[in-house]
Every structure is written in structure tokens, then in C-alpha cells.
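# Overview (structure and organization)
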Amino acid sequence: MNDNNNLNNWEKSVLEKLVFETLKEQRLKRRWQIFFRLCFFLLVFFIIFSITNMESANNKKNTNAAASSDDEHVAMIAVNGVISADSEANAKDINAALNAAFEEKTSKAILLQINSPGGSPVQSDLIFSEIMRLRKKFPEKPLYAVILDSGTSGAYYIASAAEKIYANPSSIVGSIGVIMDGFGFEELIKKIGVERRAFHAGENKAFLDSFSPINEEQKNHVQNLLNDVHKNFINAVKAGRGNKLKNPEENQIFSGLFWTGSQSINLGLIDGFGSVESVSRDVFKTENIQDYSVEESIESKFAKKLGLISKNILLKFSTEIK
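Here the structure is a predicted model, which is why all the values come from computation and not from measurement.

## Quick word on the pattern of salt bridges
With the rule as written, the count across this model stands at six salt bridges. When the shortest N-O distance is used, the salt bridge between E187 and K190 registers 3.8 Å. Taken as a pair, E187 and K190 lie in helix 5 (residues 186-191) at a separation of three residues, close to a single helical turn. For R281, the salt bridge goes to D282, with nearest N and O atoms at 3.3 Å. For R281, a relative accessible area of 37% corresponds to the partly exposed category. D282 sits in the partly exposed class, given a relative accessible area of 44%. Linked by salt bridges that have partners in common, R241, K244 and D271 make up one network.

## As for the environment of P142
Inspection of the secondary structure assignment puts P142 in the loop between helix 3 (121-137) and strand 3 (143-152). The buried category is assigned to P142, whose relative accessible area is 15%. Remark: the alpha-carbon pair of P142 and K108, spanning 34 residues in sequence, is separated by 7.8 Å. Setting aside residues no more than four positions away along its own chain, P142 makes contact with K108, A109, I110, E163 and F284.

## Quick notes on the packing of aromatic side chains
Overall, the coordinates contain seven aromatic pairs when judged by the stated rule. Between F128 and Y157, the aromatic rings sit 5.5 Å apart at their centres with planes inclined by 80°, giving edge-to-face as the arrangement. Taken together, the residues F128 in helix 3 and Y157 in helix 4 (residues 154-159) connect sequence positions 29 residues apart. With relative accessibility at 8%, the residue F128 sits in the buried group.

## Side note on the pairing of strand 3
Of all ten residues that make up strand 3, eight are buried, and the element is covered over most of its length. In this structure, strand 2 (residues 107-116) lies alongside strand 3, joined through six bridges in parallel fashion. From the neighbouring strand, L111 faces strand 3, where its bridge partner is Y144. Note that the unit made of strand 2, helix 3 and strand 3 has a crossover that is right-handed. Both strand 3 and strand 4 (residues 164-167) contribute to a ladder of four bridges, which runs parallel. What sits directly across from A145, in strand 4, is I165. For strand 3 and strand 5 (residues 172-174), the ladder comprises three bridges, and the chain directions are parallel. Within the sheet, the bridge partner assigned to T152 lies in strand 5 and is G174.

## Description of the side chain of S293
Examined against the element boundaries, S293 turns out to sit in the loop between strand 8 (289-291) and helix 9 (298-321). A distance of 2.8 Å separates the side chain of S293 from the backbone nitrogen of A78, its partner in a polar contact. A distance of 2.7 Å separates polar atoms of two side chains, one belonging to S293 and the other to D291. Setting aside residues up to four positions removed in sequence, S293 forms contacts with M76, I77, A78 and A97.

## Looking at the confidence of the model for the chain
Mean pLDDT over the chain: 83, with 77% of residues reaching 70 or higher. In this model residues 316-322 is a low-confidence stretch, pLDDT under 50, and it forms five contacts with partners more than four residues away in sequence or in other chains.

## Looking at the pairing of strand 4
With helix 4 bridging strand 3 and its parallel neighbour strand 4, the resulting β-α-β unit is right-handed. Of the strand pairs in this sheet, strand 4 and strand 7 (residues 272-273) are connected by two bridges, and their pairing is parallel. Following the sheet pairing, Y166 is matched in strand 7 by G272.

## What about the nonpolar core?
Core analysis: the largest hydrophobic core is formed by 45 residues, its most contacted members being I77, L98, L112, Y156 and L269. Listing elements by their share of this core, those giving two or more residues are strand 1 (73-80), helix 2 (91-103), strand 2, helix 3, strand 3, helix 4, strand 4 and helix 6 (216-241). Looking at this core, the element that brings in the most residues is helix 2, giving six residues. In this view, L269 contacts Y156, I165, V173, I176, R241, L245, I253, W259 and S264; residues no more than four positions away in its chain are not counted. Counting eleven residues, the second-largest nonpolar core is a separate cluster that includes M76, A78, L111 and Y144.

## Let's talk about the environment of P121
Inspection of the secondary structure assignment puts P121 in helix 3. Separated by 108 residues in the primary sequence, P121 and V229 have C-alpha atoms spaced 7.8 Å apart.

Cut-off values and rules
Residues numbered from 1 in each chain as written. Predicted model: local features only at pLDDT ≥ 70, side-chain atom pairs only at ≥ 80, totals over all residues. Heavy atoms only, no water. Salt bridge = Lys/Arg side-chain N within 4 Å of Asp/Glu carboxyl O. Helix = DSSP H or I, 4+ residues; strand = E, 2+ residues; numbered from the N terminus. Buried < 20%, exposed > 50% of the residue type's maximum accessible area, 1.4 Å probe, protein only. Contact = heavy atoms within 4.5 Å. Phe/Tyr/Trp six-rings, centres within 6.5 Å; stacked < 30°, edge-to-face > 60°. Pairing = 2+ DSSP bridges. Right-handed = clockwise from strand over helix to strand, strands pointing away. Polar contact = N/O pair within 3.5 Å; in protein donor to acceptor, adjacent residues only side chain to side chain. pLDDT = per-residue confidence, 0-100. Core = buried A, V, L, I, M, F, W, Y, C linked by side-chain atoms within 4.5 Å.

Structure representation (C-alpha cells):
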């Protein structure tokens, strides 16, 4: 009996040691996995940081070279993509580039290269107002706009501040209007048996809620708001283009319609056809074009690259840890 008990105790002891050793080995293996992943993460971090620093140094070198050039040149500033405070086409960066271009003694003219469907009316107006201010401050230095594929809505708002506007015959130009859109799901949620629960203080706090019907007062308020923004847009275009616009009311120039470059020239929306290169060469008699566009900051580049890689690493890491 004692022999059996001793045998059972011995087996139990061996089994416990085996389990503990297995758990210990698994913990050790997991710790090494975490260690190596952290090392890999730090290595990637270092590589991205080094690459981004090199890009930033090159950009800075190129910008300084452009600004310190002793040769007369045309300063080019790009307006690309949707215009908004957090995009490449934002008023802060574009206005900084405009100031640098106007203040540079060796720049003989400024070309605004536009390729944008528009965007924020506030950002567009900030750029428009700065162009008008700088043109008044530096009357001897012309600023022309050149539209590539698209110069519509807020992008045309900006272009209208230029002394002259050029485009390609196939460019899309215009869309002088304002839009606010959304969806209404109130009938849908009734059909599928979903109850909407929204609590608010202030009778209009749930204004434009997609799951509630909109009343006439709210609808009228929105329309008045859009009309007011549209009026500011129209006034800006008229201030910039002046008498160049041909029968704007009759030709529905302010209706939100858009046209090709070939059609736009007949409406007075643009002044001629050309590219940055051809305008610089034919109008300003130089092929020396310097890009004054503000590059995306090192912090922004680094954050985007690091964020994407970190997300993938952490996703894989968490999956394997489980």
C-alpha cells in the first residue's frame, strides 16, 4: 500500500514538474517573442526616422537653393487635391509659400498651379484674401493661375484672385456654387423596426440628424446659410475677374455649372490656354521655374509611415499572443 502511495506521489511530482517546466518554457518563449518584436519595432522606427530626416534635409536644401538663387525666376506654388485645413492644400502652407514667393527679390512672377475640385470655403477665402493683399503690396510682381485637370468650386475661388487664369482646353472649370448634403433614414428605420433614441437640450441641437425628419424651418435655415456662403463666393469671383465675365447671369456662371477650358474662355472664366511651362516661357520669358510649395512636414510624414507600420505590427503581435 505504501509502495503504491509512493509511486503515485512520485508520478504526481514528475507530472507537476513537467507541467511547470512546460509553462516556464512557454513563458520564456513568449518573452523572447516580445523582445524580438520590440527590437524589430525599434529598428523600423529608426529606419523611418533616418529616411524622413534625409528627405526633409533634401527638401530644405532645395528650398533654400531656390530662395537664394541669384537668377531671376518664376515662383511656382501648387494647389493640389481637396482644399481643407488638414490636407496638402491648406491656407497656412499655401499662404506661407505665397509670402515667400512675393518677398523673394529674384522672383519676377508667381504662378499658382491648380489641380483641385475645391473644398472648404473658409480655407479658399483665406488664400484668396492673402493673394489680393499681396498683389496690392507688390503691384510690380504679377500672379497668374494655371489650371490643370480641374479648377472648380473652391479652387476656382482661389484662381479668381489671380491677374490672369490659364487652363488646358480640356480642363474642367467653374462650379461656382455651394452644397451641403446628407441622407435621411427615418423611413428606413421604421421599416426595419429600429427605434431612434437621441437626447438633447436646445430644440435645434439635433439639427440635420439623419434619422429624424427635417422640418421646414430647419430647411429654410440651411438654404439661407448656403445662399450667404454662395453670395460671398460670387462677390469674390466678381472682385477678381471684374468685367472679364461675359453675361454671368445669362450664362449661368454662378449656378454651379462647370465647363471645359474651351468653353470657359468664351465665358470669361479664363484668359487663355497654357501650362506652367508655356506661360513662364512665353509670357515671362524664362524657363527658370522654382517650386515654392511647402512640403509636407517631417512630423506628418513620420506619423503616417510609423502609424501604418505600427498598426500592422501590433495587429500581428496581438494575434500571435492570443
